[in-house]
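Chain and residue survey
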Amino acid sequence: MFKALKGLAGAFAALAFSLSLPLSASAETITITDTEGRSVEVPHGAQRVLLGFYFEDFYAIVGENAFDRVVAISREPWEGWRNSQFQAYSAVSPRIAELIDVGYEEAGGFSVEKAVAAKPDIAIIAAWQYRGLGEEGVAKLEAAGIPVVVTDYNAQTLEKHLASTRLIGQVMASEARAEKLAGEYEAAVLDVIQRVKSAGGTPQPVYVELGNKGPETYGNSYGNTMWGGVIKMAGGENIAEGKIANWGPLNPEYVLARKPKAVLLAGSDWAGREKAVLMGFGVEADTTRARMAPYAERPGWSSLPAIKNGELHAVYHGGARTLYDYSFLQYIAKVLHPEAFADVDPVANQERFYETYLPIEANGSFMVKLD
């Protein structure tokens, strides 16, 4: 009887030990190929995630309680860059505000030590973070038993968007939801491409500027990246292409000489910038218009076709590089080809995405025309 009791005690001890281990310790592992072409062995259904970027996309793909499985984030790229968005998500999932902050490359550096201390079983980071960490930083994480998976919505290509979505789905065991999102995204983008092709015509010159500095100073425009790529896909001629590799300000005289038919100001909820184009959650469209109006009064701008014809628009900068950025693609394409997109409602499509996949509503200023 003593031997039986001893054996039973041993069994309970073994059970207790197994329950104390992280769920992913005994989870099935799979091998995936990330957007950098790296072959990585990862837990299938990770339970402790370090999430560097793409916070809304992660939530959309993983579903309800997605951030219950996140133990650390790069906080500044969310709270600092998209504050109203961060606050909206923190309100429905308070633990977000308490997550360990591992930092990021441009603000004090990414802390490998904090990342390891958070004990994630996987790190999902953006391609720009991967390049910032470098081989040494990635090697340190992997040496600590933390596989690194690279995703890339910043590339602004259909291929990378679909691959990133499916990658997160695989890692988080949310394949069905990821495939649904990928299918919807692909269908929306291909529809825009087909409509633009059918509309024909010569691409119209378009100027985009980051509206974070106010009208007195010309902010960054974009070459083949960010809004530059979106303009091209929407059937416009991005006047910054060939002048700027990634991003940077254009010469004001050059902008005037190119006579853009449409001007896009990328707005956000920058704190402490009283002249910046204010957009985002909880921002009224009239507030955005009040910040846009002084841009139309810049020296020489009254002669621009875009200003003469009332084609000065603002788009939410936080909407680029997301799974719902097709709604902004639709918006820009509709500006350039109104007849071809007469039956498309980009604002309603963004609202539908939030209602279907995210825990908050798209209440705020995201796509605005200066009346």
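For the structure given in this document, a descriptive report is provided here. (Residues numbered from 1 in each chain as written. Predicted model: local features only at pLDDT ≥ 70, side-chain atom pairs only at ≥ 80, totals over all residues. Heavy atoms only, no water.)

1. Examining the sheet that holds strand 10 (residues 236-238)
Rule in force here: We call two strands paired when DSSP finds no fewer than two bridges between them. The secondary structure listing takes helices from DSSP runs of H or I that are at least 4 residues long and strands from runs of E that are at least 2 residues long, numbered from the N terminus. Each axis is a line fitted through C-alpha atoms, taken for helices only over the stretch in contact, and angles between the N-to-C directions span 0 to 180 degrees.
Taken in spatial order, the 5 strands make up an open sheet running 10-8-12-14-16, and their pairing is mixed. Each end of this open sheet is capped by a strand with a single partner; those strands are strand 10 and strand 16 (367-369). Each strand of the sheet is rotated relative to its neighbour by a mean of 30 degrees, with strand direction disregarded. Looking at chain direction, strand 14 (residues 312-316) and strand 16 are connected through 3 bridges and run antiparallel. Residue Val 315 lies in a different strand from strand 16, and its bridge partner there is Met 367.

2. Focus on the pairing of strand 12 (residues 262-267)
Counted only if it meets this: Note on exposure labels: buried denotes an accessible area under 20% of the residue type's maximum, exposed denotes more than 50%, and partly exposed covers the range between, all computed with a 1.4 Å probe on protein chains only.
Of all 6 residues making up strand 12, 6 are buried, and the element is well covered by its neighbours. Where burial is concerned, the two faces of strand 12 agree: the one with Ala 262, Leu 264 and Ala 266 and the one with Val 263, Leu 265 and Gly 267 are both buried. Pairing of strand 12 with strand 14, which is carried by 5 bridges, proceeds in the parallel orientation. Within strand 14, the residue paired with Gly 267 across the bridge is Tyr 316.

3. A few points about the sheet that holds strand 7 (residues 148-151)
Let me state the cut-off plainly: Contact between two residues is taken to exist if any of their heavy atoms lie within 4.5 Å; hydrogens are not considered.
Taken in spatial order, the 5 strands of this open sheet run 5-4-3-6-7, and their pairing is parallel. Because the sheet does not close on itself, it has two edges, and the strands there are strand 5 (100-101) and strand 7. Here strand 3 (residues 49-51) pairs with strand 6 (residues 122-126) via 3 bridges, running parallel. Within strand 6, the residue paired with Leu 51 across the bridge is Ile 124. Seen against the sheet, helix 2 (residues 55-62) touches strand 3, strand 4 (70-73) and strand 6 and runs at an angle of roughly 140 degrees to strand 3. Where helix 7 (residues 158-171) meets the sheet, its contacts fall on strand 6 and strand 7, and the angle it forms with strand 7 comes to roughly 150 degrees.

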